[in-house]
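Architecture at a glance
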Amino acid sequence: MNYLGIEFNVKNMPELDPGFIPFGPWMEAYLAGASKPISIAVERDQGKISVRHAKLYGTPEMKEADFRFVERYVKFLLWSIGGFRVYILGASEIAQRLKKAYVYFENGDGENGERWFDVQFMSDVYENGFEIIDCTEETFPQENDASVSVGGHMDGCRIGFDAGGSDRKVSAVVDGETVYSEEVVWHPKTQADPQYHYDEIVAAFKTAASKMPRVDGIGVSSAGVFIGNAPMVSSLFIKVPREKEVRKLVHTIFDRAATEIGDGNVPIVVANDGDVTALAGAMGMEATAVMGMAMGTSEAVGYVDRKGNVLGWFNELAFAPVDLSEQAMMDEWSYDIGVGCKYFSQDAVIKLAPAAGIELDESLTPAEKLKAVQNLMEADDARAIRIFRSIGCYLAHTMNLYSQFYDVEYMMVLGRVMSGKGGDTILAECNRIMEEEYPALFAKMTVMLPDEKTRRVGQSVAAASLPESK
């Protein structure tokens, strides 16, 4: 296969998407022939800076390959690590092109660049203006990064709260054993009043607290991007107005709720639900270097490093590139193409259905379309089998990509798309291709569905383990 002058060998392609250009093996081949140094740093909250060093070709004939590599590499760093400031050393022309792409005018006072969504999102999260900085040796920053030690604390009396979009689950956990658990239907995504959210969270905390003699810590698992315990971007609060004073109520909602429990000084830790899923798997397997990927409405990812810590990264890989094809499907939210949410979610199944010869009723919801294909899969329909085999191929090549940014020993794949025979087919095809195409990676990485051992620590129990007890 050849893309922008880079030859790379891929034997297995998704049968329903032959135009797929996997970013991982292309990047490996690109870097194998490059020799001109480039350094990229990404700055996020509290002065944390992550630095990566790579190579370019730096020749006129490889100009577009160089830009494509850096542009996609920066995009991946932003959505894996997160950040509001990108420093580039050793590629001034590319830095200038990126500056034009990363432009956003909030009030429509000018023409937005291609990556305006990324600028808007990162600016909202970090409450800082977004910048691409063309650096010299003197102005390039030093690395200042560290993983965060949270979770795995099972001592004492704890509350674990899992804030889902349609139901909220809370557990009372005493010395690692669940003594009470409940699920309650709620409607956070349709409520504009932050008081509704606050009252529901406090009610859950108080219910769990009433089942224990005391509360030593509260852990919360929730979808969204968090700075400390503050939900900076979260679908739970999508209807809440964006005015500054109202946003402040949202940012402090979990900390304020904790003050109503016990003596008002109970430690609380809030974490992204993807990281808590990975933590639950790590605790269940008694392992580290664990990544979890949930394929549902979108792609959700979490990660626990070799030390058993979370990195404090975004891990929003739904918006990170996996496919370099210029004909890849566009994500309707970020307006980018070839990003993970179209390959590892119900959208991937729906996208591939026409190529498989399956016509889905357009009046169905995306979840109902997925179920329709899964019903065909349970009946061993050859067309449905081709869909899930294609997703398994996507996954194998993307494991090669993710392994270039994360140290992964165990990859748990879960979510609605992975249920039933379809999930079994995805997993089997992924492992077959990894063994054939990436034998070294296959030897060190286990791609798996959660088994009973990894399921023994539930989401709310893992959340309960987040804080150290007071």
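Below or above, wherever it landed, is the structure these notes cover. Everything numeric here is computed off the predicted structure, so don't read it as measured data.

Turning our eyes to something else, we now look at the overall build of the protein. Regarding its fold elements, the protein presents 15 helices and 17 strands. For the protein, the C-alpha radius of gyration of 22 Å lies close to 23 Å, the compact-globule estimate for 470 residues. Judged by the C-alpha coordinates and their principal axes, the protein covers about 70 × 60 × 45 Å. Counting across all 470 residues of the protein, residues that qualify as buried make up 57%. For the protein, contacts bridging at least 24 residues in sequence account for 70% of all contacts bridging at least 6. Carbon and sulfur atoms form 50% of the exposed surface of the protein, whose accessible area is close to 19,400 Å². Side-chain charges of the protein comprise 45 positive and 69 negative groups, with the mean position of each set lying 1 Å from the other.

This part covers the sheet that holds strand β15 (residues 299–304). Think of a sheet as strands paired side by side through backbone hydrogen bonds, with each pair either parallel or antiparallel. Strand order across the open sheet formed by four strands is β15-β14-β16-β17, with mixed pairing between neighbours. The open sheet has two edge strands, β15 and β17 (446–448), and neither has a second partner. For this sheet, the mean inter-axis angle between neighbouring strands, taken without regard to orientation, is 15°. Here strand β16 (residues 410–414) runs beside β17; their pairing, made up of three bridges, is parallel. Looking across to β17, one finds that Y410 is bridged to T446. Contacts between helix α8 (residues 273–285) and the sheet are confined to β14 (290–295), β15, β16 and β17, with β15 contributing the most and set at about 50° to the helix.

Cut-offs applied
- Residues numbered from 1 in each chain as written.
- Predicted model: local features only at pLDDT ≥ 70, side-chain atom pairs only at ≥ 80, totals over all residues.
- Heavy atoms only, no water.
- Helix = DSSP H or I, 4+ residues; strand = E, 2+ residues; numbered from the N terminus.
- Rg over C-alpha atoms; globule rule 2.2 N^0.38 Å.
- Buried < 20%, exposed > 50% of the residue type's maximum accessible area, 1.4 Å probe, protein only.
- Contact = heavy atoms within 4.5 Å.
- Areas by Shrake-Rupley, 256 points an atom, 1.4 Å probe, with all protein chains shown as cover.
- Lys, Arg positive; Asp, Glu negative; His and termini not counted.
- Charge placed at Lys NZ, Arg CZ, Asp CG, Glu CD.
- Pairing = 2+ DSSP bridges.
- Axes fitted to C-alpha atoms, helices over the stretch in contact; angles between N-to-C directions.

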